[in-house]
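# Notes for the structure review
The residues making up each chain are set out below.
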Amino acid sequence: MLNVYIPFALGGWNVDYCILSPCPTYKEVVSSTLGKEVCYPRLGCFTDDPPWSGVPGRLLTGLPDSPEHMNISFTLYTRETGNNSQVISAINSSTIQNSHFSSRRKTSFIIHGFGSTGKKGWVVEMCLLLLEVENINCIAVDWHEGAKGTYVSAVNNIRVIGAEVAYFIKTLQKIFRYSPREIHLIGHSLGAHTAGEAGRRIQGIRRITGLDPAGPYFEGTPPEVRLDPSDADFVDIIHSNAAHFPAIGLGMYNTTGHLDFYPNGGSVMPGCKCNSCTRGQEVISQMLINFVPTDATIIGGCHHSRSHEFYFESILHPTGYLGYPCETYKSFEGDCFPCSQEGCPMMGHYADRFPAKLKRVNQKYFLNTAADPPFATWRQKVFIKLSGVKKMRGDINLVFHDTEGNTKEYEIASGVLSQDQVYTKYLDVEINPQNTKKIEFLWNKTIFTLLWARLGAETYKPGNNCLERNTAVNNLECILFCHCKTITNQDKVSLIPRCITRSIV
Ligand SMILES: [Ca+2]
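Here the residue numbers are simple positions, counted from 1 along each chain's written sequence. pLDDT decides what is reported in this predicted model: residues at 70 or higher carry local features, side-chain atom pairs at 80 or more are listed and counted, and totals for whole chains, interfaces and linings draw on all residues regardless.

## Looking at the overall build of the chain
Inclusion rule: Counting from the N terminus, the helices are the DSSP runs of H or I reaching at least four residues and the strands are the DSSP runs of E reaching at least two. Counting other C-beta atoms within 10 Å of a residue's own tells you its class, since 20 or more makes it buried, 12 or fewer makes it exposed, and anything in between is partly exposed; those C-beta atoms are placed from the backbone. Contact definition: two residues whose C-beta atoms, as placed from backbone geometry, lie within 7 Å.
Looking only at helices and strands, one finds 14 helices and 23 strands in the chain. Within the chain, buried positions represent 48% of all 505 residues. Put simply, of all contacts in the chain between residues at least 6 apart along the chain, 70% involve residues at least 24 apart.

Dropping the structure here:
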């Protein structure tokens, strides 16, 4: 009955919404909830003193359930186990010593969120894919028994889950002298804050990746209770369902890592149909009061789940997830391209390869993704200049062909087209420049038969500076596509990769 507040941030202010009636006052909630404590062997005591409860944005009640009640498990995947994973336990550490866990490898922990499971689905798939590219120990953390009640009980429970992950890491330290610098925690939604809690308890964890860290009861709260940059040496975040007043998202809107990525602006993801997106206050209310999920990935909604889907695909398509530094999404759509001298980070698995990742905290990066897997896109700035006829009505399109015969068409300009005007367009092309066989230039033939046009299109692999020096950052080669001659009376022209001439502007 007391789980009645929906907190969210509004322009830096926390607003608490009561969704049951009669609503207790702030003071009543605070005074009725403080001062309780529960203690568990190995893990210590958990109080509901501030900041765990009774602070703005976090007016919740209750204490975490016991680890036994939640039936937490750690399942090991390695290249030796394949699908035949091994359940290991820090309480009985011989299970670790007798497993395929190797202290000579790095270790990733994957932690699910509210209403989800670590026994199947994306958590297991993530481990199996990581093992294809890296020889690591991958541990799927399951706490579905603690994640299936109300949202508020799950929020409380992650404190025990975080303590269990920390206890597991301490055990590794003890039996193998294993360093936290070998550890990467990857958590989705409440799992992101679980990773933060483990990081708060263990200094020096190499990296925590927060996949759309849960917003309700965390947005605007003290760093101690949520994932923040102090929880690991490097913290990277993907925001995919950020709260935007007056709508309520399931994820956090504010920056909370060293690098914060906002794909598609961070709130609404392309390809999420409205009947599956289940966003807004209605859903949150359901979650908070009485929702008992059967399939967790549905709960967070399509937007919320995109964060782990992006991470998954970034393992295979790293260069298709380049983030551009920008203050807002609106300004990104018009500018913030190409990258500065220091380069741009790749969202997802390879974010840690960005040399300037630790320069400051709360660095914001924007990018657009495609609507369907693998979601990767390669941003390009295209210039086209027309000459010949003063004004004409029509449209200009570019068609990208890859080496496998797939094509993608993008409109550059339409409507009234004027002589000598340079048409500039940012394209988020779903074809990797590396696999681009040719680019065709199309216009409305019936209108443009008598037109002649000049065009140039530049394509970049990740990195930048192609525009100025034809060099690239991230040690990746820059590819230019260009056609610098005047085209007359044709309906299409192909652009050939690696043309040395610069395109006209
Ligand atoms: Ca923290």
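Next comes the rest of the description.
## A look at the sheet that holds strand β10 (residues 207-211)
Put simply, the test is: Pairing between two strands is assigned when DSSP locates at least 2 bridges connecting them.
The sheet built from ten strands is open, its strands ordered β6-β5-β8-β7-β9-β10-β11-β12-β14-β13 with mixed pairing. If you trace the sheet from one side to the other, it starts and ends with β6 (86-88) and β13 (324-325), each paired once. As paired elements, strand β5 (residues 73-77) and strand β8 (residues 137-142) share five bridges and run antiparallel to each other. Counted as the bridge partner of Tyr-77 is Cys-138 from β8.

## Quick word on the confidence of the model for the chain
We apply this condition: Here pLDDT means the predictor's own confidence in every residue, given as a number from 0 to 100.
In this model, the chain carries an average pLDDT of 79, and 73% of its residues clear a pLDDT of 70 or more. Low pLDDT (under 50) marks residues 1-33, which in the prediction has 58 contacts with non-local residues, meaning those over four places away or in another chain. Across residues 275-300, confidence stays below pLDDT 50; counting only partners more than four residues off in sequence or on other chains, it has 46 contacts.

## Quick look at the nonpolar core
Applicable threshold: Core membership is restricted to buried Ala, Val, Leu, Ile, Met, Phe, Trp, Tyr and Cys residues, and these are joined into a nonpolar core through C-beta atoms within 7 Å.
If you look at the biggest cluster of nonpolar residues, it comprises 89 residues, and the most contacted ones within it are Ile-110, Cys-127, Val-141, Leu-185 and Met-347. It is helix α6 (residues 151-176) that contributes the most residues to this core, 13 residues altogether. Setting aside residues up to four positions removed in sequence, Leu-185 forms contacts with Phe-109, Ile-111, Ala-195, Ala-198, Gly-199, Ile-205 and Ile-208. In this structure, Val-382, Ile-396, Ile-412 and Val-429 belong to the second largest nonpolar core, which totals eleven residues.

## Regarding the environment of Asn-83
On the secondary structure map, Asn-83 appears in the loop between β5 and β6. When the 7 C-beta atoms within 10 Å are taken as the criterion, Asn-83 is described as exposed. Along the primary structure Asn-83 and Val-124 are separated by 41 residues, whereas in three dimensions their C-alpha atoms are 9.0 Å apart.

## Let's talk about the packing of α6 against helix α7 (residues 190-201)
The condition that has to hold: To obtain each axis, a line is fitted to C-alpha atoms, and for helices this fit is confined to the stretch in contact; angles are then taken between N-to-C directions over 0 to 180 degrees. Any angle between 65 and 115 degrees counts as roughly perpendicular, while under 35 counts as roughly parallel, over 145 as roughly antiparallel, and the rest as oblique. Helix crossings fall into two classes, left-handed where the near helix is turned counterclockwise from the far one by less than a right angle and right-handed where it is turned clockwise. Residue polarity is assigned by list, with Asp, Glu, Lys and Arg as charged and Ala, Val, Leu, Ile, Met, Phe, Trp, Tyr, Cys and Pro as nonpolar; anything else, Gly included, falls into the polar class.
Across the interface, α6 lies against α7 with an axial gap of 8 Å and an inter-helix angle of 45°. What the angle tells us is that α6 and α7 run oblique. Relative to α7, the crossing made by α6 is right-handed. On the side of α6, the interface is formed by Ala-154, Val-155, Ile-158, Arg-159, Ile-161, Gly-162, Ala-163, Val-165, Ala-166 and Ile-169, while α7 contributes Leu-190, His-193, Thr-194, Glu-197, Ala-198 and Arg-201. Grouping the amino acids of the contact of α6 with α7 by side-chain chemistry returns ten nonpolar, three polar and three charged.

## Side note on unusual backbone geometry
Residues Phe-337 and Pro-338 are joined by a peptide bond in cis, for which omega reads -5°. Here Pro-338 lies in the loop between α12 (329-334) and β14 (363-367). With an omega dihedral of 5°, the bond running from Pro-373 to Pro-374 counts as a cis peptide bond. Looking at the secondary structure, you find Pro-374 in the loop between β14 and β15 (378-387). Phi angles above zero are rare outside glycine, and Ser-189 is one such case at about 60°. Accessibility expressed as a C-beta count within 10 Å gives 32 for Ser-189, which makes it buried. A positive phi angle is found at Asn-362, which is not glycine, with a value near 60°. Turning to its location among the elements, Asn-362 is positioned in the loop between α12 and β14. On the neighbour-count criterion, Asn-362 (14 C-beta atoms within 10 Å) is partly exposed.

## Brief notes about the packing of helix α4 (residues 122-133) against helix α11 (residues 301-316)
Axis separation between α4 and α11 bottoms out at 10 Å; the angle between their running directions is 20°. It follows from the interaxial angle that α4 and α11 lie roughly parallel. For α4 against α11, the interelement crossing comes out left-handed. The segment α4 lies against α11, with Trp-122, Glu-125, Met-126, Leu-129, Leu-130 and Val-133 engaging His-308, Phe-312 and Ile-315.

## Here we look at the pairing of strand β4 (residues 44-47)
In terms of strand pairing, strand β3 (residues 37-40) meets β4 through four bridges, oriented antiparallel. Bridge pairing in β4 links Glu-37 to Thr-47. In this structure, the hairpin formed by β3 and β4 is closed by a connection of three residues, where Arg-42 is found at a positive phi of approximately 75°.

## Topic: the UniProt feature "binding site: Ca(2+)" (unreviewed entry) in the chain
Keep this limit in mind: UniProt positions are given in the numbering used here, feature names are shortened, and annotations may be inferred rather than shown by experiment.
Mapped onto the present numbering, the UniProt feature "binding site: Ca(2+)" (unreviewed entry) falls at Arg-226, Asp-228 and Asp-231. For Asp-228, a count of 25 C-beta atoms within 10 Å gives the class buried. Every residue in contact with Asp-228, bar those within four places of it in the chain, is listed here: Gly-196, Pro-223 and Thr-256. With respect to the element layout, Asp-231 can be found in the loop between β10 and β11 (234-238). What makes Asp-231 buried here is the crowd of 28 C-beta atoms within 10 Å.

## Here's the deal with α7
Heads up, the condition is: Multiply 1.5 Å by the residue count of a helix minus one, and that product is the helix's expected span.
Between its first and last C-alpha, α7 extends 17 Å over twelve residues, near the 16 Å set by a 1.5 Å rise per residue. Among the twelve residues of α7, eleven are classified as buried, and the element is accordingly described as predominantly covered. Taken as a whole, α7 has its buried residues at Leu-190, Gly-191, Ala-192, His-193, Thr-194, Ala-195, Gly-196, Glu-197, Ala-198, Gly-199 and Arg-200. Looking at the buried residues of α7, the elements they touch are β7 (107-111), α6, β9 (183-188) and β10.

## A closer look at α11
Structural remark: α-helix, 3.6 residues per turn; residues separated by three or four positions point the same way. We apply this condition: Take the seven residues that end at a residue and the seven that start at it, fit an axis to each, and the angle between those axes is the bend at that residue.
End to end, α11 covers 24 Å across 16 residues, agreeing with the expected 22 Å (1.5 Å per residue, within 8%). Roughly 35° is the biggest bend found in α11, and it falls at Ser-307. Within α11, 14 of the 16 residues are buried, leaving the element largely enclosed by the surrounding structure.

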